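# Descriptive structure summary
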Amino acid sequence: MTEKKIIAVVGATGAQGGGLVRALLDDWNGPFAVRALTRNPGSVKAKEFAARGAEVVQADLDDETSLRAAFDGAYGAFVVTNFREELTAEQEALRSRARMERDQAENAARAAEAAGLKHVVWSTLEDTRPHFKFLGSDVPTIGDGYKVPHLDAKNEANASFVSHGVPTTFLETSFFYEMFIYAGLSPRRDPDGRATLTIPMGDSTMALVAAEDIGRTALGIFRAGGRFIGRTVGLAGTHATGEQMAELFAKVLGEPVVYRPLTHDELRNAGFPEARELGNMFQFFTEAADSYVGNRSLDVVRALNPRLRTLEDWLVEHRELLKSAL
């Protein structure tokens with residue numbers, strides 16, 4: 001029997017990496033074995049993966065030596081960094097989150113080069129700055145010259161994999177369905193009791209995806225072999241306008257849902273810590289909708305991931321939770 005090729009999964013207990021670990025374990029008769037990388041092999045999720053047959057290895061994106069050891073002997077790796085990592089005030093004072101992502105991507109790329117990996121799938125995003133510059137859009141700059149740090153810095157980090165000659169597929173993700181729950185963006189009742197969806201997208205089309213489908217699509221890319229090395233794959237499970245999303249919510253929730261978009265300035269001035277960055281992000285999604293959505297072909301993604309979930313699928317699955325949030 002041919003020995004299986006090892007896929008090392010960074011962030012194995014997180015949303016993106018965990019999706020790939022589960023996809024690999026479910027594909028038990030496939031060509032790959034899974035090595036789950038985590039800072040805490042003793043965590044509940046890590047132990048669950050080990051019980052299902054995953055090799056669980058301690059590694060830290062801020063420790064290149066641990067990454068080299070974890071990548072040793074592997075065929076490929078899935079690499080993702082977490083801009084929203086829980087950090088102490090002292091850690092944030094020493095290094096910005098954007099710098100953290102660039103440093104961690106550089107460590108992963110150096111380790112991948114040293115280990116001689118044959119294929120890396122890097123979870124990334126677009127740089128919004130060229131778009132805003134081209135249009136002359138008046139959006140605030142946020143730290144280190146960024147417009148949307150969690151997008152722009154991740155795109156900057158692409159250069160690490162290129163400069164180290166790592167055979168890489170650049171998997172550009174999109175807005176997670178899960179944000180409707182965890183960011184409180186699902187419909188809420190207005191003062192008149194009407195269910196209201198408030199997303200600052202105007203009339204533009206938005207690209208969205210289930211976090212679990214990032215890992216499933218990454219597995220499809222690994223299974224495709226060298227065909228996607230050096231290429232960018234845009235990821236989405238649904239393309240929808242705000243009105244269309246409201247219609248889907250109404251269908252699933254069993255009552256009318258009104259779409260009432262905020263302006264980007266209203267979001268930027270909302271007063272919570274990430275308001276300016278999110279206002280800029282939604283302005284990018286809105287203004288660049290044709291190219292952003294156009295770069296995320298549902299047919300291409302579905303060919304890589306036949307289990308791709310639509311927004312309606314996901315809403316049905318989470319119906320009760322969404323109802324309780326109204």
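Quick caveat: nothing in here was measured; it's all calculated off a predicted structure. (Residues numbered from 1 in each chain as written. Predicted model: local features only at pLDDT ≥ 70, side-chain atom pairs only at ≥ 80, totals over all residues. Heavy atoms only, no water.)

As a further point, take the side chain of D127. For D127, the location among the structural elements is in the loop between β5 (119–124) and α6 (129–135). Of note is the side chain of D127, whose polar atom sits 2.8 Å from the side chain of R129. Excluding anything up to four places from it in sequence, D127 contacts D152 and N155. (Helix = DSSP H or I, 4+ residues; strand = E, 2+ residues; numbered from the N terminus. Polar contact = N/O pair within 3.5 Å; in protein donor to acceptor, adjacent residues only side chain to side chain. Contact = heavy atoms within 4.5 Å.)

Interaxial distance between helix α3 (residues 64–71) and helix α5 (residues 97–115) falls to 9 Å at its minimum, and their mutual angle equals 40°. The pairing of α3 with α5 is recorded here as oblique in orientation. For the element pair α3 and α5, the recorded crossing hand is right-handed. On α5, the residues touching E64, L67, R68 and F71 of α3 are N107, A108, R110, A111, A112, A114 and A115. For the contact of α3 with α5, a count of residues per class yields seven nonpolar, one polar and three charged. (Axes fitted to C-alpha atoms, helices over the stretch in contact; angles between N-to-C directions. Parallel < 35°, antiparallel > 145°, perpendicular 65-115°, else oblique. Left-handed = near helix turned anticlockwise from the far one by under 90°. Nonpolar A, V, L, I, M, F, W, Y, C, P; charged D, E, K, R; others polar.)

So, about the sheet that holds strand β9 (residues 195–197). The three strands lie next to each other as β8-β9-β13, forming an open sheet whose pairing is mixed. Looking at which strands have only one partner, the edges of the open sheet turn out to be β8 (188–189) and β13 (257–259). Sheet topology note: the β8/β9 ladder contains two bridges and is antiparallel. Across the sheet, R188 pairs through a bridge with T196, a residue of β9. Running over the sheet, helix α11 (residues 242–253) touches β9 and β13 and is turned about 170° from β13. (Pairing = 2+ DSSP bridges.)

Counting across every chain of the model gives twelve aromatic pairs. Ring geometry for F284 and F285: centres 6.3 Å apart, planes at 45°, overall tilted. Through a chain of ring-to-ring contacts, three or more aromatic side chains come together here, namely F132, F175, F180, F249, F282, F284, F285 and Y292. Directly above the ring of Y75 sits K5, whose terminal nitrogen or CZ lies 4.6 Å from the centroid. The positively charged end of R296 is found above the aromatic ring belonging to Y292, 3.6 Å away from the centroid. (Phe/Tyr/Trp six-rings, centres within 6.5 Å; stacked < 30°, edge-to-face > 60°. Lys NZ or Arg CZ within 6 Å of the ring centre and 35° of its normal.)

The next point concerns the sheet that holds β5. With parallel pairing, seven strands are arranged side by side in an open sheet as β3-β2-β1-β4-β5-β6-β11. Unpaired on one side and paired on the other, β3 (55–58) and β11 (232–234) mark the two borders of the sheet. Strand-to-strand twist of the sheet, defined as the mean angle between neighbouring strand axes without regard to direction, takes the value 20°. In this sheet, strand β4 (residues 76–79) lies alongside strand β1 (residues 5–9) in parallel orientation, the contact comprising three bridges. Its bridge partner lying in β4, V9 is registered against F78. Sitting on the sheet, α3 touches β1, β2 (32–38), β3 and β4, and the angle it makes with β2 is about 165°.

According to the stated counting rule, one finds 29 salt bridges in the structure shown. Between E55 and R35 there is a salt bridge whose closest N-O contact spans 3.0 Å. Of this pair, E55 sits in strand β3 while R35 sits in strand β2, and the two are 20 residues apart along the sequence. Taking the relative accessible area as the measure of exposure, E55 reaches 37% and is therefore partly exposed. Residue classification places R35 among the buried positions, given a relative accessible area of 8%. Put simply, R102 and E156 hold a salt bridge, and the shortest N to O gap is 3.7 Å. (Salt bridge = Lys/Arg side-chain N within 4 Å of Asp/Glu carboxyl O. Buried < 20%, exposed > 50% of the residue type's maximum accessible area, 1.4 Å probe, protein only.)

The next thing to look at is the pairing of β5. Taken across its six residues, β5 has six buried, putting it largely inside the fold. Residues H119, V121 and S123 point to one face of β5 and V120, W122 and T124 to the other, with burial holding for every one of them. The pairing of β4 with β5 spans four bridges and is parallel. Note on β5: the bridge partner recorded for V79 is W122. Pairing analysis gives five bridges linking β5 to strand β6 (residues 168–172), with the strands arranged parallel. Within β6, the residue paired with V121 across the bridge is T169.

The next subject is the nonpolar core. Residues F180, L197, I199, M206, F282 and F285 are the most contacted members of the largest nonpolar core, which totals 41 residues. Of all the elements in the fold, those that place two or more residues in this core are β9, β10 (205–209), α11, β13, α13 (275–287), α14 (289–294) and α16 (311–317). Not counting the four nearest positions on each side in its chain, F282 is found in contact with F175, I199, P200, M201, M206, H264 and L267. If you look at the next biggest cluster of nonpolar residues, it comprises 32 residues, including I7, V9, A23 and L235. (Core = buried A, V, L, I, M, F, W, Y, C linked by side-chain atoms within 4.5 Å.)

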